[in-house]
Amino acid sequence: MALVTSKEMFAKALNSDYAIGAFNVNNMEIIQGIVDAAKIENAPLILQVSAGARKYAKPVYLLKLVEAAIEDSGLDIVLHLDHGEDFDICKKCIDDGFTSVMIDGSKYPFEENVALTKRVVEYAHEKGVVVEAELGRLAGVEDNINVDSRSATFTDPDEAAEFVEKTGVDSLAIAIGTSHGAYKFKGDPYLDFERLQKIRELIPNTPLVLHGASTVLPEFVELCNKYGGNIPGAKGVPEEMIRTAANYGICKVNIDTDLRLAMTAEIRKILFENPSEFDPRKYLGPGRNAIQRMVQHKIKNVLGASNKR
Ligand code: G3H
Ligand code: 13P
Ligand code: ZN
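What counts, and where the lines are drawn
Residues numbered from 1 in each chain as written. Chains lettered and ligands numbered in written order. Predicted model: local features only at pLDDT ≥ 70, side-chain atom pairs only at ≥ 80, totals over all residues. Heavy atoms only, no water. Helix = DSSP H or I, 4+ residues; strand = E, 2+ residues; numbered from the N terminus. Rg over C-alpha atoms; globule rule 2.2 N^0.38 Å. Buried < 20%, exposed > 50% of the residue type's maximum accessible area, 1.4 Å probe, protein only. Near = heavy atom within 4 Å. Polar contact = N/O pair within 3.5 Å; in protein donor to acceptor, adjacent residues only side chain to side chain. Areas by Shrake-Rupley, 256 points an atom, 1.4 Å probe, with all protein chains shown as cover. Nonpolar A, V, L, I, M, F, W, Y, C, P; charged D, E, K, R; others polar. Pairing = 2+ DSSP bridges. Right-handed = clockwise from strand over helix to strand, strands pointing away. Donors = N, O, S within 2.8 Å, 3.2 Å for Na, K, Ca; no water. Axes fitted to C-alpha atoms, helices over the stretch in contact; angles between N-to-C directions. Contact = heavy atoms within 4.5 Å. Salt bridge = Lys/Arg side-chain N within 4 Å of Asp/Glu carboxyl O.

### Examining the overall build of the protein chain
Move 1: Summing up its helical and strand segments, the protein chain has 13 helices and eight strands in all.
Move 2: Its C-alpha atoms give the protein chain a radius of gyration of 19 Å, near enough to 19 Å, the size a compact globule of 309 residues would have.
Move 3: Structurally, the protein chain occupies a C-alpha span of about 60 × 45 × 35 Å along its principal axes.
Move 4: For the protein chain, the proportion of its 309 residues judged to be buried stands at 55%.

### Considering the site of ligand 1
Move 1: If you check the shell around ligand 1, you find N24, S50, D82, H83, H180, D256 and R260 and nothing else.
Move 2: Here an oxygen atom of ligand 1 and a side-chain polar atom of H83 are 3.4 Å apart.
Move 3: Within the side chain of D256, an N or O atom sits 2.6 Å from an oxygen atom of ligand 1.
Move 4: In isolation ligand 1 has 310 Å² of accessible area, and contact with the protein removes 65% of it.
Move 5: Here the residues of the shell around ligand 1 sort into no nonpolar, four polar and three charged.

### What to know about the pairing of strand β2 (residues 46-49)
Move 1: In β2, alternate side chains face the same way, and those of I46 and Q48 on one face and L47 and V49 on the other are all buried.
Move 2: Here strand β1 (residues 20-24) pairs with β2 via three bridges, running parallel. Looking across to β2, one finds that N24 is bridged to Q48.
Move 3: Each parallel crossover has a hand, and the one from β1 via helix α2 (residues 28-41) to β2 is right-handed.

### Considerations on the site of ligand 2
Move 1: The local shell around ligand 2 holds 15 residues, among which D82, K184, S214, D256 and T257 are the closest.
Move 2: Considered on its own, ligand 2 offers 310 Å² of accessible surface; in the complex 96% of this is hidden by protein.
Move 3: If you list the elements that add at least two residues to the shell around ligand 2, you get β3 (78-84) and β8 (250-255).
Move 4: Taken together, the residues of the shell around ligand 2 break down into two nonpolar, ten polar and three charged.

### Some details on the coordination of the zinc ion (ligand 3)
Move 1: Listed as protein donors to the zinc ion (ligand 3) are H83 (NE2), H180 (NE2) and H211 (ND1); their distances from the metal cover 2.1 Å.
Move 2: Each donor residue of the zinc ion (ligand 3) belongs to the same chain, and together they define the spacing H-x96-H-x30-H. Taken as a pair, H83 in strand β3 and H180 in the loop between β6 (171-174) and α9 (193-202) lie far apart in primary sequence, 97 residues in all.

### Examining the sheet that holds β1
In any sheet, the strands associate via hydrogen bonds between backbone groups, in a parallel or an antiparallel arrangement.
Move 1: Spatially, β1-β2-β3-β4-β5-β6-β7-β8 is the arrangement adopted by the eight strands of the closed barrel, whose pairing is parallel. With direction set aside, neighbouring strand axes in the sheet form an average angle of 25 degrees.
Move 2: For strand β7 (residues 208-210) and β8, the ladder comprises three bridges, and the chain directions are parallel. Following the sheet pairing, L210 is matched in β8 by V253.
Move 3: Lying on the sheet, helix α1 (residues 7-14) is in contact with β1, β2, β3, β5 (130-135), β6 and β8; it crosses β8 at an angle near 120 degrees.

### Notes on the pattern of salt bridges
Move 1: Per the counting criterion, the structure on display carries 14 salt bridges.
Move 2: The salt bridge involving D170 is made with K7; its shortest N-O contact spans 3.6 Å. Residue D170 is located in the loop between α8 (157-167) and β6, and its partner K7 is located in helix α1; the two are separated by 163 residues in the primary sequence.
Move 3: Classification of D170 by relative accessible area gives buried; the value is 18%.
Move 4: Using a relative accessible area of 52% as the deciding quantity, one classes K7 as exposed.
Move 5: Between E132 and K252 there is a salt bridge, with its nearest N and O atoms 2.7 Å apart. Of the two residues, E132 is situated in strand β5 and K252 in strand β8; the sequence distance between them amounts to 120 residues. Take E132 and K252: they sit in the same class, and that class is buried.

Distances and angles like these do not, on their own, reveal function.
Next up, the structure:
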């Protein structure tokens, strides 16, 4: 049991039909819910930390909580920086003991993204840490762009091949129609699977990553709205599309919004039904259980990663 890189996990997942769940963590209850689920399902696990999570919880707390989870569960876990925006945050996380970092240069022109990614790859590889980069841009309905200009932001397969060749990056996040948050599609959900297959053909040995992969499960949206929330029209990526993506070569599936919704729905319900309750354990505990159930469902029924550890 240790903090491990994703090298072996990805090598196993690369030519198979399952994907590894990468879940965003911000506090103890979220970490415990996810790790307990992975343990029960005997599944490979990536925990990821954003800059916002580092700011919220303080880096040292998250690191120590993940170390505690490893000790408690006996699992090997990848600790990954999600959406590192510059060299400095990647370096900090590598120096702190993260085993994987993402450098997100997707907002830069191609050659700038290459140069930035290459710099992080050189530093990370020297320390035995793996690197994820992103090419193409994730845009959702919140970005107010129409369907045609949305697909113009998708990852170009030839560029993806050139990018991997030039940077030596370990895995690549691609844009095929997903986006972050709870409002991913206005009309019918659409992912460009043809593009995914083309990318896969050109770089068959590079694990591909799907960001913005939450399903925004209707049951949680309904519970939130029923118990005082206001998130109308929330829509995510249907579970069968995530399964298809895993079949077509996506190795890592990023999930944050579904964790937020599962926990919030449960807490809203409890506080609504028990207005006199003010012991945080009485709602954070069930919130943690809700996360565990949801993550178990994902691992087993959507990612197909049960018993793949
Ligand atoms: O991709 C974004 C993740 O959901 C992290 O979100 O920056 O609010 O922590 P955050
Ligand atoms: P969701 O907002 O769909 O959960 O995506 C999370 C993500 O991509 C984290 O990097
Ligand atoms: Zn993301």
